[in-house]
Amino acid sequence: MPKLIKDKAIADNSWLLMEATDAPETVDIPADAVIIPLNVWQARKQELTGRIATLGVWLNSDQFADQLGEEAQQLPLVAVNFPGFMDGRGFSTARLLRERYGYSGELRATGSIIRDQLFFLQRCGFNSFDLPEGADLEAAMNSFNDFSETYQAAVDQPLPLFRRRA
Amino acid sequence: MYQYDEYDHRIIRDRVAQFRGQTERYLAGELKDEEFLPLRLQNGLYIQRLAPMLRINVPYGMLSTTQLRKLAHIARTYDKGYCHITTRQNVQFNWPELEEVPEILAELAEVEMHGIQSSGSCIRNVTSDQFAGIASDEVVDPRPYCEIIRQWSTFHPEFAFLPRKFKIAVTGSDNDRAAVQVHDIGLQVVRSDAGETGFRVFVGGGLGRTPVIGSLIRDFLPEAHLLSYLEAILRVYNQLGRRDNKYKARIKILVKALGAEAFGAKVEAEFAHLQDGPITLTGDEIGRAQRFFPTLPYRALDNAADALLQQEAAETPAFGKWLTRNVGEHRQPGYATVTLSLKPTGVAPGDLTDGQLEAIADLADQYSFGEVRTTHEQNIVLGEVEKSKLFDVWQAAKAQGFATPNIGTLNDMICCPGGDFCSLANAKSIPIAESIQRQFDDLDYLYDLGDLDLNISGCMNACGHHHVGHIGILGVDKKGEEFYQIQLGGNAGTDVSLGSVLGPAFGAEEIPSVIQKLVDIYVDKRIEGERFIDTYRRVGVDPFKEKVYAKAD
């Protein structure tokens, strides 16, 4: 089974990632645990309410948190795709899902992320990281410790340093 | 000036270790070129035409003498014995070895310096007025707010991968010396009628390929909301800024596309969510930042030294010239500001040797409370000199080559490194600067021409701010040959304006005579008290164009 990093440990990736589709109304949705594109969720959420425990939704970088909104709270998993690692829109999406829409389930970064982004990604609320194939996950986890202190308020530390400074 | 505490030190040390690891992984082939590229850029490391270039931040232009001496040491040890002051008040080294950069950064960290976010698609070093805290026309000292912004923007986790670079400038004076209206965000600190401190907020200004003057989106933002409002602007930009074309990715393009009003409405909507949250500034935090910029322990002086200065100037005319051009008003009686010119003819504008860095440190320790300021015009300011010591400072500065009395004149040009160093440049800029300085080598004539901003960029990325020079020169490439386009009418101050292209470009050898013709027209048309820009605005472009492009009889 493929591996990923979840809650700062290497774990099995038991979720299928469903590809983007132009036919969200009719596309087949696998019965196994699956992460579906946002447009499939939007088209089919009524019929999917019964199987929500094995359902995740993924947003592409140009789909923003408000398009899922508080509906995210029902889901066990939300993923945000990074088509290229320089596309930083997903950092805002993650913070908004956590801080504005009250999402507390698994928040997964997928796509072209690199290990050197893990520290910032987890600060923005991601707790699960599906790094590209071939990445050395054990080594990558060192990057969670790149910094031992931060200036800003974010998901991992809701108070900015100036409210904590001794 | 600001001093690091244990938190700041820890963050910078962590960064040094992180970059050391990244460099090792890159050299071992574990990190791909395209992955290492943005990581090294966010530490200020470019790969240039001849060698890597390392850009070190000088936050809002303030440098201590300890830092100056460390820069001298680095220039001597890791470079060819010199460095360069940039048009964003930073310091660049042109010849470091990639393998040695982690060590350079470790040395800089000891003196509270770094290259963090000095390049790349992220929030860059915040810039300010080189006379912040000492200018007689200042309303509020902008530096405490600059420091608060520095900390907020350093490793901001949400905004490390923006569509494009992002520059913030802050001024505390109605007389804008920080060019805030040509920044991605420009802030002017103001006091309301009720005595509250706040900000006028401009967005979407910028130079580069598409020069734009920023739009005012908030007339008064109470100081407590500074970071929440910045975060709202950055979030809107991070989500909506274009990422499909790097030439259309700056915030100015987004503001233009949406319209300033609609963009402002989006910011206000986001701000409504963030307002009064945990990043609202506390009085304690603003007070803490302000305590790093106290009134210095000035001696109680009046302006009695003025008579002495007049006498010295009469006896030594060269000193008098320097007083007129390089010495400025200070808010404290008996004190003055001194601008050390880094524009003597024959030296690349803004370049400094290791020995000169140390000489400046000695001068600052002896005469200016151990602090200096870099300027976006690429000079160095001793901010706090007793008037009675000016003659001594002049003599010492002269011995080191800093006393060229040309500040604010045509020969005090802003000039990017250009084609001699930069891999982006279309044309050289340093030799153009020198050829103009040689054309205008008569100081009395130069003074008669008065304040004249001449800015030179070697390509349309506009590091030399040519759009906002009274005379702007832009290097262009025509079928592999270097040509220079002239623009007239730009201005970087409060009455900001962008220059207009005069006409077809010229070869390098023609530039001195072209500038001479432009200046001749100004001298011919000016009325009493007018600067070049004033005359240009009054008479328009036609007389200049006719003279420059007149067919030879």
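Everything below is about the structure shown above.
Since the model is a prediction, treat every value here as computed from it, not as a measurement. (Residues numbered from 1 in each chain as written. Chains lettered and ligands numbered in written order. Predicted model: local features only at pLDDT ≥ 70, side-chain atom pairs only at ≥ 80, totals over all residues.)

**Q** Is there a simple way to explain the nonpolar core in this structure?
**A** Across soluble globular proteins, nonpolar side chains show a tendency to be buried alongside one another. Judged by nonpolar contacts, the single largest core of 195 residues is most densely connected at A:Phe129, B:Val170, B:Val203, B:Ile233, B:Ile360, B:Leu382 and B:Leu518. Counting residues per element, this core draws most heavily on helix α6 (residues 226-240) of chain B, which supplies nine residues. Ignoring sequence-local partners within four residues, the contact set of B:Ile233 consists of B:Ile185, B:Val203 and B:Val267. (Core = buried A, V, L, I, M, F, W, Y, C linked by C-beta atoms within 7 Å. Buried ≥ 20, exposed ≤ 12 C-beta atoms within 10 Å, placed from the backbone. Helix = DSSP H or I, 4+ residues; strand = E, 2+ residues; numbered from the N terminus. Contact = placed C-beta atoms within 7 Å.)

**Q** Even after reading the chapter, I still don't get the pairing of strand β18 (residues 471-478) of chain B, so can you show me in this structure?
**A** Look at any regular strand and the pattern is simple: side chains alternate between the two faces of the sheet. Residues and elements named next belong to chain B. Pairing analysis gives four bridges linking strand β17 (residues 454-457) to β18, with the strands arranged parallel. Within β18, the residue paired with Ser 457 across the bridge is Leu 474. Two strands pair when backbone bridges link them, and β18 and strand β19 (residues 481-488) are joined in this way by eight bridges, in the antiparallel orientation. Following the sheet pairing, Asp 477 is matched in β19 by Glu 482. Counting the residues in the hairpin turn of β18 and β19 gives two residues, including Lys 479, whose phi is positive at 50 degrees. (Pairing = 2+ DSSP bridges.)

**Q** Could you clarify how one ought to interpret the environment of B:Ile380 in this entry?
**A** Residue and element names in this part refer to chain B. Among the structural elements, Ile 380 can be located in strand β15 (residues 380-386). Sequence spacing of Ile 380 and Arg 209 is 171 residues, and the spatial spacing of their C-alpha atoms is 28 Å. In this structure Ile 380 touches Leu 340, Leu 342, Ile 360, Val 372 and Thr 374, once residues within four positions along its chain are discounted.

**Q** Explain the interface of chain B and chain A here, please?
**A** Think of interface size as the accessible area that goes away when the parts come together; that is how it is often given. Counting from both sides, the interface comprises 28 residues of chain B and, opposite them, 30 residues of chain A. Mapped by element, the contributors of at least two residues to the side of chain B that touches chain A are α1 (6-27), α2 (33-41), α5 (143-153) and α6 of chain B. Per-element tally for the side of chain B that touches chain A: the top contributor is α1(B), with six residues. Its residues assigned to classes, the side of chain B that touches chain A shows twelve nonpolar, nine polar and seven charged. (Nonpolar A, V, L, I, M, F, W, Y, C, P; charged D, E, K, R; others polar.)

**Q** Whenever I open this one, the sheet that holds strand β4 (residues 34-37) of chain A confuses me. Can you help?
**A** Remark on secondary structure: sheet strands pair via backbone hydrogen bonds, oriented parallel or antiparallel. All names here are of chain A. Pairing within the open sheet is mixed, and its eight strands lie in the order β2-β1-β8-β7-β6-β5-β4-β3. The open sheet has two free edges, formed respectively by β2 (9-12) and β3 (16-17), since each of these has just one partner strand. By the bridge criterion, two bridges tie β3 to β4 in an arrangement that is parallel. Within β4, the residue paired with Leu 16 across the bridge is Val 34. Sheet strands touched by helix α2 (residues 89-99): β5 (55-59), β6 (77-82) and β7 (106-111). Its angle to β6, the strand with the most contacts, is close to 165 degrees. (Axes fitted to C-alpha atoms, helices over the stretch in contact; angles between N-to-C directions.)

**Q** Teacher, can you tell me more about unusual backbone geometry here?
**A** The phi angle of most residues is negative, glycine excepted, and most peptide bonds adopt the trans form. Residues and elements named next belong to chain B. One non-glycine residue with positive phi stands out, namely Phe 155, at about 60 degrees. With respect to the helices, strands and loops of the structure, Phe 155 is situated in the loop between α5 and β7 (168-171). A count of 25 C-beta atoms within 10 Å places Phe 155 in the buried class.

**Q** What should I look at first to understand α1(B) in this one?
**A** Every α-helix carries 3.6 residues per turn, so stepping three or four residues along brings you back to the same face. Residue and element names in this part refer to chain B. The end-to-end C-alpha distance of α1, which contains 22 residues, comes to 32 Å, matching closely the 32 Å that a straight helix rising 1.5 Å per residue would cover. If you check which residues of α1 are buried, you get Ile 11, Ile 12, Arg 15, Val 16, Gln 18, Phe 19, Gln 22 and Thr 23. Contacts from the buried residues of α1 go to α2 and α4 (101-110). In the stretch just after α1, Gly 29 is the one whose phi turns positive, near 80 degrees. (Expected span 1.5 Å × (residues − 1).)

**Q** Please clarify how the sheet that holds β7(B) should be interpreted in this entry.
**A** All names here are of chain B. Spatially, β6-β7-β8-β9-β10 is the arrangement adopted by the five strands of the open sheet, whose pairing is mixed. Since the sheet does not close on itself, it has two edges, and those belong to β6 (127-128) and β10 (215-222), each with one partner. Where strand β9 (residues 197-203) meets β10, five bridges bridge the pair, whose relative direction is antiparallel. Its bridge partner lying in β10, Gly 198 is registered against Pro 222. Docked against the sheet, α6 engages β8 (185-191), β9 and β10, running at close to 10 degrees with respect to β9.

**Q** Hey, could you run me through the packing of helix α10 (residues 305-315) of chain B against helix α11 (residues 317-326) of chain B in this one?
**A** If you want to describe how two helices pack, look at the angle between their axes and the distance between the axes. Residue and element names in this part refer to chain B. Close contact between α10 and α11 brings their axes to 5 Å; oriented N to C, the two are set at 130 degrees. Taken together, the axis directions place α10 and α11 in an arrangement best described as oblique. Only Phe 319, Gly 320 and Leu 323 of α11 make contact with α10, whose side of the interface consists of Leu 309, Glu 312 and Ala 313. Partitioned by chemical class, the residues of the contact of α10 with α11 number four nonpolar, one polar and one charged. (Parallel < 35°, antiparallel > 145°, perpendicular 65-115°, else oblique.)

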